Amino acid sequence: MSRGAAALEALRAVARDPRSHIEAWRSAHPEGKVLGVLPMNFPRELAHAAGVMAVIVPDDQQPVTEGRAFLPEFYCGYTRNLADQAATGRFDQYDGLFVADHCIQLLGSADVVRALEPDRRVFLGQLISSLSDSWAGQKTAQMMSLLRTEVESFAGTTIDDDALRASIASFNRDRDLMRQIFDARAGGDVSYSPVDLQDIVASAQIMDPDEHHALLSDVVAERQFLPRDERIRVHLSGHLCHAPRRELLEVIEEVGAVIVDDDLWTGRRYLQAGMDESLAPMDALAKWYAGRNTALPCPTRVQHDVDWDAWLLDAVKRSDAEAVVHLMPKFCEPHMLFYPELRRALDEAGVPQLLIETEHEGIPLESFRTRLEALIERTHRNRPAYA
Amino acid sequence: MTATLNTPTTTTDRTNRLKSTRQGGRMVADYWEDLFTARERGKQIVWYNGGALNPIFQAAGLAWCHGEAFAARLAAQGLEGPAQLAGAEHGYNAELCSYSRTHLGCAVLTVQGDEGINTGVVGAHDQAELAARLPAPDFFVNNYAGCSTGQQWDEISYRVFDKEVPIFNISHPFLWGNKPDAGYLTGEEWESASYYVRDQLLALITWLEERTGNPFDWDMLRESMTYIKRAAELRREGLELCKAKPAPATFWDWISAIAPINFLPGNQELVDYFESVRDEIQDRVDKGISGVENEKYRVYFDGIMNWNKLGFLSRKFAEHGVAVLAGRYITNAFWQEPQLIDTDDPLLGMAQHYLLCPTNHGTKTLDYLTLRDCEEYDVDGIVFHSTRTCRAFTGPQRLLARSAQNNLGIPSIFFEGDVADASFYKEEILESRLAAMLEGIDVKRTQAS
């Protein structure tokens, strides 16, 4: 196995078995603390600068069993999975849980963790979601400062500004490298499969950024440009805060599509915005939060002059995508609310689209396959007919 | 959206509903009629969601429409179908909050209606069926605490109207309870959140002044809040009286009295109404009259209201001799802490009530409130309305059920339904689970005796 292939395999292993990676980190850092954080906007840089391993808690894709006793079945699969992790002891690898986003379903799962793991700190530092308000910048800065204080308290140390600058640089470097790959894909290079890319980003959400960057550099060093073939070019949209099932990504390409870009959480959404290293570090954190929604709009934020639908149309043009597949996790309310806006914009632009509702358990893959095939057929008709 | 048949109860109606709440129904009907003709009277109209901002709108000279209230009204009258269908055709998923789906459906009808844009009247063709001559908005104001969907919902309304209607957002910190000093009405978190929201209300008032061109009438705000505070005090007195055995009035009576306290103008009529409600309850206590014939069980109701089934549910529980006499949606909502309101300077107390939305607490505080109420009302069991499209209300319910069982030995059941979509209601599940819980309570009583 080449060095690049081995590095990709290592990233894949972390993405698919984060528990083992965390345990290995604990063994190497017996005094260290592991902080679970929930999507989407907690700045892991703060924890990293405090010497804490900050992991964006993934959906571990285990069936929900004991967790059913704590959250209703009409909560999204990710939050029910989190409740299940807490109910079955799988949350014990985290020393605490920090949340920075007001999603009522996420808070529901965090409350289950708080009830079942009373010795662990479960902290909500709610970042303002109404970003058009004149006071949004000030409130964001205040909350970032509070998050810093709480992370310091959790870690039992103070965060040095220089350490924070270094952490910002590390995460930036890792995000930049991932963004290069995604930009290359949008520009025509399909040297990585969508599942590879998901593993790359999912592992970044778990690993130390320097370690991740080193492995990813090895992967990229061996990359050879692979041009798109004639399959239908598809943009994937949705899955705002956890990964879609890998088999779903595979079936999209099996039916005759090639995924050329996305706005998924385990995709471009995670890495689109970097932090401004020329600013004071706390200012950089606040500006990053505000900038994330302009870099890639999110329906969980309210910002009147920022439009996910407009961003999506631009992205479709940039990557020359011919169709859009919406991946909507069942019961995700911000996505359900915004979807008609996306649909309207794409319809008006003449871009074929398909909505797929995903569930935590029991993906009806063959049903999806049929619908995807229909989308591909329909999109083929949009192509010019040559003699 | 799909109507379900109300299974007829097998016995005669054993409810004994308050007579005085009928007057509230008339007041509410008059309010809607007044709103429907507001445009003709030259009024500007605000659509808002979340906490009761109506005293501010009253003092700003606006007519107001509370989105959830309008959706609830449609559902209670069985008229939600056309709006929900319009929403579905526009692309809103059936699993989306049915309040928002109904209200957004109205927005879609308004925009699509042949005459809607010109006359400012919701979908003219659907008026008869909708009974919803809702005027189009001049402003949106969002005041949603607790549920994250609330703020997003109004943002989408703003977009449905092509961003042509100005919108103002008030952000509410979720009262999570991070610090050891955090608790109900206490702690630094509560204090700082209160002033944060108060400051935003001041900004809202400036915003309204700029857009209406009218100076804000602070005296009117103080006056209306004086009436609302008094009405809220009377309401609390009435709720306290319901701790009597047998309970003189029930949760369903208080549900009927929600609209007046939630969005009617603060005036003497409102005070008179709640005085009459309180007096009727006092009279019943004095005479030993109960809200349910032959009260046998006392039950707490957790969950938002199932507006499609209000009358049906009241009869169903009464049929089993169950007095549903308290619940999070009435006991811990709607100006429930009137002592917080300083009528000379009411904004802080108003801000605090917006924060006290019963979905804006972490489970620790909800647990405190639920156990407190269950003890004070001396209930035998809890019925949880597992409200399909209201994740905010249902999220903590399983933890609350566990706590009530562990700490007070109180059993509970869950039944499925929804705020404004009858298709989620499961009649047989409620019937069988309720019968089982009551049987369990009987066994426990037998063992105790």
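Everything that follows concerns the structure shown earlier in this document.
Residues numbered from 1 in each chain as written. Chains lettered and ligands numbered in written order. Predicted model: local features only at pLDDT ≥ 70, side-chain atom pairs only at ≥ 80, totals over all residues. Heavy atoms only, no water.

> Honestly, the packing of helix α1 (residues 3-16) of chain A against helix α9 (residues 209-221) of chain A in this entry has me stumped. Any pointers?
Between two packed helices, the angle of one axis relative to the other and the distance separating the axes together describe the packing. Residues and elements named next belong to chain A. Across the interface, α1 lies against α9 with an axial gap of 7 Å and an inter-helix angle of 140°. By the angle class used here, α1 and α9 are oblique. The two elements α1 and α9 meet at a crossing, and its hand is left-handed. Within the contact between the two elements, α1 uses R3, G4, A7, L8, A10 and L11 and α9 uses H212, L215, L216, D218 and V219. Here the contact of α1 with α9 is built from residues that sort into 7 nonpolar, 2 polar and 2 charged. (Axes fitted to C-alpha atoms, helices over the stretch in contact; angles between N-to-C directions. Helix = DSSP H or I, 4+ residues; strand = E, 2+ residues; numbered from the N terminus. Parallel < 35°, antiparallel > 145°, perpendicular 65-115°, else oblique. Left-handed = near helix turned anticlockwise from the far one by under 90°. Contact = heavy atoms within 4.5 Å. Nonpolar A, V, L, I, M, F, W, Y, C, P; charged D, E, K, R; others polar.)

> Would you mind showing me how to read the interface of chain B and chain A here?
With 54 residues of chain B at the interface, the matching set in chain A holds 53 residues. Taken together, the two surfaces of chain B and chain A that pack against each other cover about 4,400 Å², and 54% of this comes from carbon and sulfur. At the boundary of chain B and chain A, one finds 5 salt bridges. One can count 27 residue pairs in polar contact (both at pLDDT 80 or more) joining chain B with chain A. Among the elements that make up the side of chain B that touches chain A, the one with the highest residue count is helix α8 (residues 148-160) of chain B (10 residues). Here the residues of the side of chain B that touches chain A are counted per class, giving 18 nonpolar, 23 polar and 13 charged. (Buried area = accessible area lost by both parts, 1.4 Å probe. Salt bridge = Lys/Arg side-chain N within 4 Å of Asp/Glu carboxyl O. Polar contact = N/O pair within 3.5 Å; in protein donor to acceptor, adjacent residues only side chain to side chain.)

> I would appreciate a short explanation of the packing of aromatic side chains in the present structure.
Two descriptors summarise a pair of aromatic rings, namely the distance from one centre to the other and the angle between the planes of the rings. All names here are of chain B. By the definition in use, this model includes 35 aromatic pairs over all chains. Considering the side-chain rings of Y48 and F57, the 5.0 Å spacing of their centres and the 70° angle between planes classify their relative orientation as edge-to-face. According to the relative accessible area criterion, Y48 is buried, its value standing at 0%. Look at F57 and you get buried, because its relative accessible area is 0%. (Phe/Tyr/Trp six-rings, centres within 6.5 Å; stacked < 30°, edge-to-face > 60°. Buried < 20%, exposed > 50% of the residue type's maximum accessible area, 1.4 Å probe, protein only.)

> I keep staring at helix α19 (residues 397-408) of chain B and nothing clicks. Help me out?
Every α-helix carries 3.6 residues per turn, so stepping three or four residues along brings you back to the same face. Residues and elements named next belong to chain B. With 12 residues, α19 ought to run about 16 Å at 1.5 Å a step, and its terminal C-alpha atoms sit 16 Å apart, in line with that. Among the residues making up α19, those that are buried are Q397, R398, L399, L400, A401, S403 and A404. After α19 finishes, the residue G409 shows a positive phi value of roughly 70°. (Expected span 1.5 Å × (residues − 1).)

> Can you walk me through the pattern of salt bridges in this structure?
Pairing between side chains of opposite charge can happen when the charged atoms of each approach one another. Counted by the stated rule, this structure contains 62 salt bridges over all chains. When the shortest N-O distance is used, the salt bridge between D101(A) and R301(A) registers 2.8 Å. With D101(A) in the loop between β3 (96-99) and α5 (104-116) and R301(A) in the loop between α12 (281-295) and α13 (308-319), the pair connects residues that are 200 residues apart, well separated along the chain. With its nearest N and O atoms 2.8 Å apart, the salt bridge here joins R39(B) to D138(B). In this pair, R39(B) sits in the loop between α1 (21-36) and β1 (45-50) while D138(B) sits in the loop between α7 (127-130) and β3 (139-143), placing the two residues 99 residues apart along the sequence. Taking relative accessible area as the criterion, R39(B) reaches 28% and is therefore assigned partly exposed.

> What's the story with the layout of surface pockets in this structure? I'm lost.
Gaps left between atoms are located by rolling a probe of water-molecule size over the structure's atoms. Taken as a whole, the second largest pocket encloses approximately 690 Å³ of empty space. Looking at the lining of the second largest pocket, the elements with two or more residues in it are β4 (121-124) and α6 (136-155) of chain A together with α8 and α9 (188-212) of chain B. Residue contributions to the lining of the second largest pocket peak at 5 residues, all from α9(B). Looking at side-chain class alone, the lining of the second largest pocket contains 13 nonpolar, 12 polar and 4 charged residues. (1 Å grid on protein atoms, 1.4 Å probe; cavity = no way out; pocket = protein on both sides within 12 Å on 5 of 7 lines; lining within 4 Å. Points joined across faces, edges and corners; volume = space filled by probe spheres on them.)

> So what exactly am I meant to see when it comes to empty space enclosed by the protein here?
The tally for this structure, following the rule as stated, stands at 9 cavities of 30 Å³ or more. There is about 230 Å³ of room inside the largest cavity. When residues of the lining of the largest cavity are traced back to their parent elements, those giving at least two are α5 and α14 (333-349) of chain A together with α8 of chain B. Taken together, the residues of the lining of the largest cavity break down into 12 nonpolar, 8 polar and 3 charged.

> Would you take a moment to explain the sheet that holds β1(B) for this structure?
Across a sheet, strands are paired by hydrogen bonds formed along the backbone, either parallel or antiparallel in direction. Residue and element names in this part refer to chain B. An order of β2-β1-β3-β4 is seen for the 4 strands of this open sheet, with the pairing classed as parallel. Either end of the sheet is taken by a strand with one partner, and the two such strands are β2 (63-66) and β4 (167-169). Ignoring strand direction, the axes of neighbouring strands in this sheet form an average angle of 20°. As judged from the 4 bridges shared by β1 and β2, these two strands associate in the parallel manner. Bridged to Y48 within β2 is H66. Packed onto the sheet, helix α3 (residues 67-76) meets β1 and β2 and runs at close to 65° relative to β2. Sheet strands touched by α8: β1, β3 and β4. Its angle to β3, the strand with the most contacts, is close to 170°. (Pairing = 2+ DSSP bridges.)

> Help me out: how do you make sense of the pairing of strand β1 (residues 34-37) of chain A in this one?
Every regular strand shows the same layout, with side chains that alternate between the two sheet faces. All names here are of chain A. In β1, alternate side chains face the same way, and those of V34 and G36 on one face and L35 and V37 on the other are all buried. In terms of strand pairing, β1 meets strand β2 (residues 53-56) through 4 bridges, oriented parallel. Within β2, the residue paired with L35 across the bridge is A54.

> So what exactly am I meant to see when it comes to a negative patch on the surface here?
Residues and elements named next belong to chain B. A cluster of acidic residues, D30, E269, D272 and E275, forms a negative patch at the surface. Per-element accounting of the negative patch gives the leading share, 3 residues, to helix α13 (residues 268-287). Relative to the helices and strands, E275 is located in helix α13. With relative accessibility at 32%, the residue E275 sits in the partly exposed group. (Patch = residues over 30% accessible without salt bridge, like charges linked within 9 Å, V, L, I, M, F, W, Y side chains within 5 Å. Areas by Shrake-Rupley, 256 points an atom, 1.4 Å probe, with all protein chains shown as cover. Lys, Arg positive; Asp, Glu negative; His and termini not counted. Charge placed at Lys NZ, Arg CZ, Asp CG, Glu CD.)

> Help me understand the nonpolar core in this model?
If you look at the biggest cluster of nonpolar residues, it comprises 260 residues, and the most contacted ones within it are W32(B), L53(B), I56(B), Y99(B), F263(B), Y329(B) and W335(B). The element contributing the most residues to this core is α9(B), with 9 residues. The residues that make up this core include at least three from each of domain 1 (3-163) and domain 2 (229-386) of chain A. Among residues more than four places away in sequence, those in contact with F263(B) are V28(B), Y31(B), W32(B), Y48(B), N54(B), W64(B) and A69(B). V234(A), L249(A), A257(A) and A323(A) belong to the second-largest nonpolar core, a separate cluster that totals 22 residues. (Core = buried A, V, L, I, M, F, W, Y, C linked by side-chain atoms within 4.5 Å. Domains from an automatic or database assignment.)

Purely geometric stuff here, so don't read any function into it on its own.
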